[in-house]
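Working through the structure, step by step
Read off the chains here:
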Amino acid sequence: MTYRIERDSMGEIQVPKMALWGAQTERSRQNFNIGIEKMPIALIHALALVKKNAAKANEASGKLDTTISQAIQQAADAIINGEVDEQFPLSLWQTGSGTQTNMNVNEVIAHLAAKADVMVHPNDHVNMSQSSNDVFPTAIHVAAVQLMEQQLFPVMKQLIQTLKKLESENEKIVKIGRTHLQDATPVTFSQEISGWRSGFEHSYQMLDLTLFELKQLALGGTAVGTGLNASKEYIERFFKSLNEETNNQFIENPNKFHGLASKDAVVFTSGALKALATNAMKMANDIRWMASGPRSGLGEISIPANEPGSSIMPGKINPTQCEALTMITIQVMGNDTTIGIGASQGNFELNVYMPVIAYNLIQSIELLADGLRSFEQNCLVGIKANQENMTAYVEQSLMLVTALNPHIGYDNGAKIAKKAFEENTTLKQAALTSGLVTEEEYNRWVKLEQMLGK
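Please read these numbers as outputs of a predicted model, since none were measured by experiment.

1. Section: helix H6 (residues 132-169)
Here H6 spans 54 Å end to end across 38 residues, near enough to the 56 Å set by a 1.5 Å rise per residue. The sharpest bend along H6 measures roughly 40 degrees and falls at Met148. In terms of residue burial, H6 counts as a mostly covered element, since 27 of its 38 residues are buried. The backbone nitrogen of Asn133 has a side-chain oxygen 3.0 Å away, supplied by the residue at the start of H6, namely Ser131.

2. Details of the packing of aromatic side chains
Each aromatic ring pair is specified by the distance between its two centres and by the angle formed by the two planes. Counted by the stated rule, this structure contains three aromatic pairs. A ring pair is formed by Phe153 and Tyr204, whose centres lie 4.5 Å apart and whose planes are at 35 degrees; its orientation type is tilted. Taken together, the residues span a long stretch of sequence, with Phe153 in helix H6 and Tyr204 in helix H7 (residues 189-214) at a distance of 51 residues. Taking relative accessible area as the criterion, Tyr204 reaches 17% and is therefore assigned buried. Aromatic pair Tyr234 and Phe238: ring centres 6.5 Å apart, planes at 40 degrees, arrangement tilted. Taken together, the residues Tyr234 and Phe238, both in helix H8 (residues 232-246) and four residues apart, mark about one turn of the helix. One exposure class covers both Tyr234 and Phe238, and it is buried. Above the ring of Tyr393, the side-chain terminus of Arg178 is found at 5.8 Å from the ring centroid.

3. Some points on helix H11 (residues 320-343)
The end-to-end C-alpha distance of H11, which contains 24 residues, comes to 35 Å, matching closely the 34 Å that a straight helix rising 1.5 Å per residue would cover. Within the span of H11, buried status applies to Gln321, Cys322, Leu325, Thr326, Ile328, Thr329, Val332, Asn335, Asp336, Ile339, Gly342 and Ala343. The inward-facing, buried residues of H11 abut helix H10 (264-290) and helix H12 (354-378).

4. Focus on the pairing of strand S2 (residues 11-16)
Here strand S1 (residues 3-8) runs beside S2; their pairing, made up of six bridges, is antiparallel. Bridging from a neighbouring strand, Tyr3 pairs with Pro16 of S2. Counting the residues between successive antiparallel strands, the hairpin from S1 to S2 contains two residues.

5. So, the layout of surface pockets
The space that makes up the largest pocket amounts to roughly 660 Å³. Taken together, 29 residues make up the lining of the largest pocket; nearest its centre are Ile176, Arg178, Leu181, Asp183 and Leu298. For the lining of the largest pocket, the secondary structure elements donating two or more residues are strand S3 (174-179), H7, H10, helix H13 (387-396) and helix H15 (410-423). Of the pockets and cavities examined, the second largest pocket occupies roughly 370 Å³.

The rules behind these values
Sequence order sets the numbering: in each chain, residues are counted from 1 along the sequence as written. Owing to the predicted nature of the model, reporting of local features is limited to residues with pLDDT of at least 70; listing and counting of side-chain atom pairs is limited to 80 or more, with chain, interface and lining totals taken over all residues. For side-chain calculations, the full set of non-hydrogen atoms in the structure is used, while hydrogens and water are omitted. Put simply, DSSP H or I for four residues or longer makes a helix, DSSP E for two residues or longer makes a strand, and each gets a number counted from the N terminus. Given the number of residues in a helix, its expected span is that number minus one, multiplied by 1.5 Å. To get the bend at a given residue, fit one axis to the seven residues ending there, fit another to the seven starting there, and take the angle between those axes. Only protein chains enter the accessibility calculation, which uses a 1.4 Å probe; a residue whose area is less than 20% of its type maximum is buried, one above 50% is exposed, and one in between is partly exposed. We define a polar contact as two N or O atoms separated by no more than 3.5 Å, with the added condition that, inside protein, one atom must be a possible hydrogen donor and the other a possible acceptor, whereas residues neighbouring each other in sequence contribute only through side-chain atom pairs. Only rings of Phe, Tyr and Trp enter the pairing, Trp through its six-membered ring, and a pair is recorded when the two centres are within 6.5 Å. The plane angle decides the type: under 30 degrees is stacked, over 60 is edge-to-face, the rest tilted. Look at NZ for Lys and CZ for Arg. If either is within 6 Å of the ring centre and within 35 degrees of the ring normal, a charge sits over the ring. Pairs of residues are marked as contacts when any of their non-hydrogen atoms sit within 4.5 Å. Only when DSSP finds a minimum of two bridges between them are two strands counted as paired. A pocket, in this scheme, is an open set of points on a 1 Å grid over the protein atoms alone with protein on both sides within 12 Å along at least 5 of 7 lines, while a cavity is a set where a 1.4 Å probe fits but cannot get out; residues line either one if an atom lies within 4 Å of a point. Grid points are joined across faces, edges and corners, and a volume is the space filled by probe spheres set on the points.

As structure tokens, then:
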């Protein structure tokens, strides 16, 4: 590998000749050779979006030359469009403010501008009116908002529509309800599906509520929240420009000291993502229980056979989409714990756990979006009810005795259920031989349609 010499305030350093980064990025690359986790590319793109609109705002407020501003904007667009993703090599495990990644973006923009014969300084020009301390938390919020609105929400809407279709297809199929994994009173398969669907609708509403907090940005606080070197005009023009480009209605955090040091908006969002994960876990577990078998399990539904399930047992099919989704959900739950602990560690005017907070938040959003899309496309749309098995379980159930409670009392009902279980007879046979109920009364009181609610 050949090198060139780059210089910063600490002196000279060798940088790979073809790299678009500069001295500060290279120092971080060498000093933090830790792990395999890199800064999420969604965050890099969000940082470039901030740089682009900061350049516009600095130009509009008379602080930045038009030629330099345009060169910054063009370079930022190249980053946003994913043209130079390989130029962001830094480890996640770096300074807790994200300063080195901020400088990585600044330096790449400066070098891209130089290729267009415009001399741009990474600090004086690209970072004008900014600090890593306000830019990095701003980029976290921007990345999260865009990922949720562009990736996660569309997937959730499609999944909800698929569940509605399944509800409609299974309205008349009655199955046994279960509580504590034990037989309970009957439900329709449609009612069971409606519980999954409603969970995702509630999760969508919760996540949508978090956008109000995420759209409040720390930009303008600069180093400690006082806004040193950032004019009021610059801040106003930045938000106007950013909102024109994204149509996201971002607003200025009214208290920059809170915006820099507190990560409660991210905690709020992560909590809603965890709530979504719990609903996804519940649905996936229900589905793999009901699909268990095919001969020795519940066998109430069939799911798509996507791939062989065993390297040794021919013909075996496993609920692999359920397993993938449930692994994702526990990762999201773990991420939420990391985010909560990291957010609790703000000291004075800054939180210095921002890279790991950003990484976990972005991973949770992206994993849930991808996992739910895969589950909807490769499992949910292909679910088919096994009505024969469902009907058989209902007919065998002892919990239909619950319909007799208002007429013969709980204790007498318990006697009939225990008698049927011990003698291995149907509930009806046990009820009639108990002498507590006549056949006419049993047929009138134990009616499935009356046990299914409204």
